[in-house]
Amino acid sequence: MSVAPEKPPREGKGAGRRIRRKSSLTSHGEPMVWLTGASLALCLVMISGLLGLVVYQGGRTFWPQEIVQVETLTGDVLMGQVSRVDTFTPSADALDALPDEARVRVEADMRANEGSVARRMLRTENFDLTGTHFDWIEESVIAAETKPEWAVVVERTAKGRFYGVPQAFLVDGEAHTVGSAATWGKFEEHHARILARVEQIHDLERDDLGHINSRIERQRLALREVELARGMESPEWIAKERETRALVEDAEREFVTITDEIGRLRTINDSFALRFETAGGGTAIVSLANIVRGTPVNRIGTAGKWSVYFDRWWEFLTADPREANSEGGVWPALFGTVMMTLLMTIVVVPIGVLAALYLHEYAKQGFLVGVVRVAVNNLAGVPSIVFGVFGLGFFCYIVGATIDDLFFGARLPNPTFGKGGILWASLTLALLTLPVVIVATEEALSAVPNSMREGSYACGATKWQTIWRIVLPRAQPGIMTGAILSIARGAGEVAPLMLVGAVKLAPDLPVDLGTFPYLFPERSFMHLGFHIYDVGFQSQNSEAAKPMVYTTTLLLIAIVVLLNFVAIAIRARLRRRFLGART
Amino acid sequence: MSDLNPPTDPERMKTQLPARATRPRNADAKPAASGAEKTRARPGGLFECIAEGRQFESVVHPDAGHDEAVVEIVDFRLWYGETQALHDISFSVPKGKVTALIGPSGCGKSTLIRCVNRMNDLVDSVRVEGQMKLNGDAIYGKGVDVIELRKRIGMVFQKPNPFPMSIFENVVYSLRIDGVRDRHALEEVCESSLRGAGLWDEVKDRLKDSALALSGGQQQRLCIARAIAAEPEVLLLDEPCSALDPIATGRIEDLIDDLKGLYSVLIVTHNMQQASRVSDNTAFMYLGRLVEYGPTETLFLSPSLRETEDYVTGRFG
Ligand SMILES: Nc1ncnc2c1ncn2[C@@H]1O[C@H](COP(=O)(O)OP(=O)(O)OP(=O)(O)O)[C@@H](O)[C@H]1O
Ligand SMILES: [Mg+2]
């Protein structure tokens, strides 16, 4: 009765009002729409730019590019694959060093392009012959460019790639073929068998010799244990000592047999080789056992290129790294990353959920709980390297050293658990991601309506029954969100890992189904994130390593996305199961 | 349908009694009371007397006390921290009958009913004095096993609160937490409880579906089924229909009628029609005190106190 409905303003007043409104920017909706929209667009551009770059660069690493042979005006002949194209401004000295004809051309080029010259980077490799991996060539000094039909890029087990045209197939130094086609045919015929032998040698070295070594090692440890327990010269020790000596003699005999076998296989492999003609006109001989893959790129056509592309991806995912990690595969790093992340999740989710349950369901809400909550939240903001230092100081040097003292005394002074390892790395990351899980779980718990708890208590349920049957199922999707966030955070973390167990090279996986006790949580491991750092910044041939950096990054992103997808799928299933069709 | 929205519906009560409903014994209460007094109540009436915290005797009609009591409340007092919410309440809930608790919003009906199964233990600041008895066993006191006690009492809340699980699991929840695993026994209890709650025909084909997919009225009947599955000695209903539409309300009222005789029911309601329709006895509370308690008929047709009459006829406020 007191508030009458507002009447539309009359002429004069209304006009004044309208003018006032127009003067205020915020009274219009549009500017804010544009501002917020622009911010979102900026975010999207950044994200898609990042993804686009990584996917593009990482995806093309394994694509076999055509091999070109160029002849320069100075008379050099180079063969290789173009890895980069850009422009630069040559210095006066460099110009003077050029022969006349070339200088004239370069200067003309410079005039046409405002002082800069186009150039390309050619991956020429043949490092053992030339001492370089890459060469810059100015476009204007190229006299002739060809794509030799039989140019072959060879990926070798050592010393990088090799470019050349096959000339002859050598058996024990004697040429068995003449001409590229025949030679290459012969190569393809023999190569698979030779690779099989290389594999066999590898197995013998790693598994058979490895087993003998670990048997001797175990025996030595047993002997040392007896020595520590009973002292030297005790009858037990003497008996054990005799046993050990017998075992070592046995092992040495086996050792000799296996090394002989390895020698035999090596000799067979070494008798096969290929003679290549290199770009400069010289020849070079490459042993077949050193060749991982040879591709006559200019001949194979698109289908052949795709096949090589996928073959190299497969090698990347499943093989051990070669050549200081810059070639070959990343299998140990892939395995290490996934295993560490899973271990971390298995540790952090139950602990985090239980802690959150105590904070939210059991603890009397008061000042102290508030302090704990703030502390947990702040823990999420602590720089990750701090956790690394803590992990090293606490897990490795205190817990690990204690375990060594108690259980691995015989191996001392070599540490077993008293150094970085996948277990300590997982625990460190679990600590790092604990706040994420606690906060997410607490949020999920507060989202469970109190009426549900009351209903359960009214039925005569105890506190734990209520939590277990009502609260946790209801909160499960939220808890999974916490797990997802922690996986995303943990899988991408590198800095703390460098302190607690991630290493450059660790071909021995933490899981070995051939050796008792199958799980080796104390072993150091490789990690994709650390691998990226190592390949990108620690390898001598950084230009060749660059594509691998992108590819490994692509893989790391894919792994994180995949782990997240799995967790999201699980969450969606839980949601459907517990919440039914509605709500 | 209009008679289901009588002048005494909760919304109106709340708007008319803001100060008192939320803050009993507040200084603001005075002008409001005197406003009422001018038109209807006697000078120095009972409500004024209660608001000022003076002593007074609740009127308990003798014919309400004949039956055997299932819940007996003796001199019960309760404090939320420093504020006393219940003052010297004494009456008994007869076995096999429906007892209604009425009174303006904030007078302590929920507080009282939640004391019967000790749900107030969940509130940190609560302190009680006096005694309650369930079939002769003390509810308060040392050595009382609250979990066991709650198993003997069923409760249904204002808002339906089905658990996030299947209909079947909801109904047999109290058996589950007792560790009953016998499938056959569970199914039997599920069916009889759902039949008891008048829900069986509607859900018998979808017992495995989530209970959250049911309508509000169905959910509330499911909660009743859950409450009677454990064969409680007394059933507490705290405004079971306030979140429901008139049709669903009617079904629940019919259901309470059916439960009469089988179960002893204590029901809180704001709806006078509902109280008069379903209950045998009625207790009228005001600002944490029991004002008048007696057979529903007496209380509604010839109450001893003028205030009770004003309240039940909707002239109070
Ligand atoms: N948890 C609590 N802490 C403190 N005071 C409370 C608490 N619960 C209820 N009260 C107070 O106790 C008094 C009685 O509340 P109660 O909920 O029992 O009223 P009610 O009669 O059920 O009201 P309504 O009809 O609105 O449900 C009110 O003044 C209320 O503010
Ligand atoms: Mg209430």
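Residues numbered from 1 in each chain as written. Chains lettered and ligands numbered in written order. Predicted model: local features only at pLDDT ≥ 70, side-chain atom pairs only at ≥ 80, totals over all residues. Heavy atoms only, no water.

Visitor: Could you give an account of the overall build of chain B, naming the residues involved and the relevant values?
Guide: A tally of regular secondary structure across chain B gives 15 helices and 11 strands. The burial tally for chain B puts 55% of its 317 residues in the buried class. Taking all contacts inside chain B whose residues are at least 6 apart in sequence as the whole, residues at least 24 apart take part in 71%. Approximately 13400 Å² of chain B is accessible, and the part contributed by carbon and sulfur atoms is 48%. (Helix = DSSP H or I, 4+ residues; strand = E, 2+ residues; numbered from the N terminus. Buried < 20%, exposed > 50% of the residue type's maximum accessible area, 1.4 Å probe, protein only. Contact = heavy atoms within 4.5 Å. Areas by Shrake-Rupley, 256 points an atom, 1.4 Å probe, with all protein chains shown as cover.)

Visitor: Could you give me a rundown of the site of ligand 1, with the residues and numbers involved?
Guide: Residue and element names in this part refer to chain B. In the neighbourhood of ligand 1, 14 residues make up the surrounding shell, with Ser-105, Gly-106, Ser-110, Thr-111 and His-270 lying closest. Measuring from an oxygen atom of ligand 1, one finds a side-chain N or O atom of His-270 at 2.5 Å. Taking 630 Å² as the accessible area of ligand 1 by itself, protein coverage stands at 67%. If one sorts the elements of the shell around ligand 1 by residue count, helix 5 (residues 109-116) sits on top with three residues. (Near = heavy atom within 4 Å. Polar contact = N/O pair within 3.5 Å; in protein donor to acceptor, adjacent residues only side chain to side chain.)

Visitor: How would you explain the nonpolar core if you had to name every residue and give the values?
Guide: Ranked by internal contacts, the top residues of the largest apolar core, which has 57 residues, are Leu-194, Leu-207 and Leu-222 of chain B. Here the element with the most residues in this core is helix 11 (residues 216-228) of chain B; it accounts for six residues. Those residues in contact with Leu-194 of chain B, other than ones at most four positions away along the chain, are Val-171, Leu-199, Trp-200, Val-203, Leu-207, Leu-222 and Ala-225 of chain B. Counting residues in hydrophobic clusters, the runner-up holds 49 residues, among them Val-471, Ala-475 and Leu-497 of chain A together with Ile-177 of chain B. (Core = buried A, V, L, I, M, F, W, Y, C linked by side-chain atoms within 4.5 Å.)

Visitor: Tell me about the layout of surface pockets, and please be specific about residues and values.
Guide: Residue and element names in this part refer to chain A. Here the second largest pocket defines a volume of roughly 940 Å³. Along the walls of the second largest pocket sit 27 residues, with Thr-157, Val-198, Glu-199, His-202 and Arg-322 positioned nearest its centre. Those elements that provide at least two residues to the lining of the second largest pocket are helix 6 (180-230), helix 7 (235-270), strand 11 (291-295) and helix 8 (297-318). Sort the elements by how many residues they give to the lining of the second largest pocket and helix 6 lands first, with nine residues. The residue inventory of the lining of the second largest pocket, partitioned by class, reads 11 nonpolar, five polar and 11 charged. Inspection of the lining of the second largest pocket shows a minimum of three residues originating in each of domain 2 (164-319) and domain 3 (331-582). (1 Å grid on protein atoms, 1.4 Å probe; cavity = no way out; pocket = protein on both sides within 12 Å on 5 of 7 lines; lining within 4 Å. Points joined across faces, edges and corners; volume = space filled by probe spheres on them. Nonpolar A, V, L, I, M, F, W, Y, C, P; charged D, E, K, R; others polar. Domains from an automatic or database assignment.)

Visitor: Could you give an account of the environment of Arg-60 of chain A, with specific residues and numbers?
Guide: For Arg-60 of chain A, the location among the structural elements is in helix 2 (residues 30-60). Once the C-alpha coordinates of Arg-60 of chain A and Ser-180 of chain A are considered, the two residues, 120 residues apart in sequence, prove to be 29 Å apart.

Visitor: If you had to explain the confidence of the model for chain B to someone new, which residues and values would you point to?
Guide: Residue and element names in this part refer to chain B. Averaged over all residues, the pLDDT of chain B is 80; the fraction at 70 or higher stands at 84%. In the model, residues 1-43 has pLDDT below 50 throughout and makes 51 contacts with residues more than four positions away in sequence or in other chains. As scored by the predictor, the complex reaches a pTM of 0.77 and an ipTM of 0.81. (pLDDT = per-residue confidence, 0-100.)

Visitor: Tell me about the sheet that holds strand 9 (residues 264-268) of chain B, and please be specific about residues and values.
Guide: Residue and element names in this part refer to chain B. Taken together, seven strands build an open sheet; the order of strands is 1-11-10-4-9-8-7 and the sheet is mixed. Across the chains shown, the open sheet's two edge strands, defined by having one partner strand only, are strand 1 (59-60) and strand 7 (153-156). Seen against the sheet, helix 11 touches strand 7 and strand 8 (234-238) and runs at an angle of roughly 170 degrees to strand 7. (Pairing = 2+ DSSP bridges. Axes fitted to C-alpha atoms, helices over the stretch in contact; angles between N-to-C directions.)

Visitor: For the sheet that holds strand 3 (residues 83-94) of chain B, give the residues involved together with the corresponding values.
Guide: All names here are of chain B. One open sheet accounts for four strands, arranged 3-2-5-6; its pairing is antiparallel. What marks the edges here is a single partner per strand, and that holds for strand 3 and strand 6 (137-138). Pairing of strand 2 (residues 69-80) with strand 3, which is carried by eight bridges, proceeds in the antiparallel orientation. In the strand pairing of strand 3, Glu-72 is matched with Ser-92. Sitting on the sheet, helix 5 is in contact with strand 2, strand 3 and strand 5 (126-134), with an inclination near 120 degrees to strand 2.

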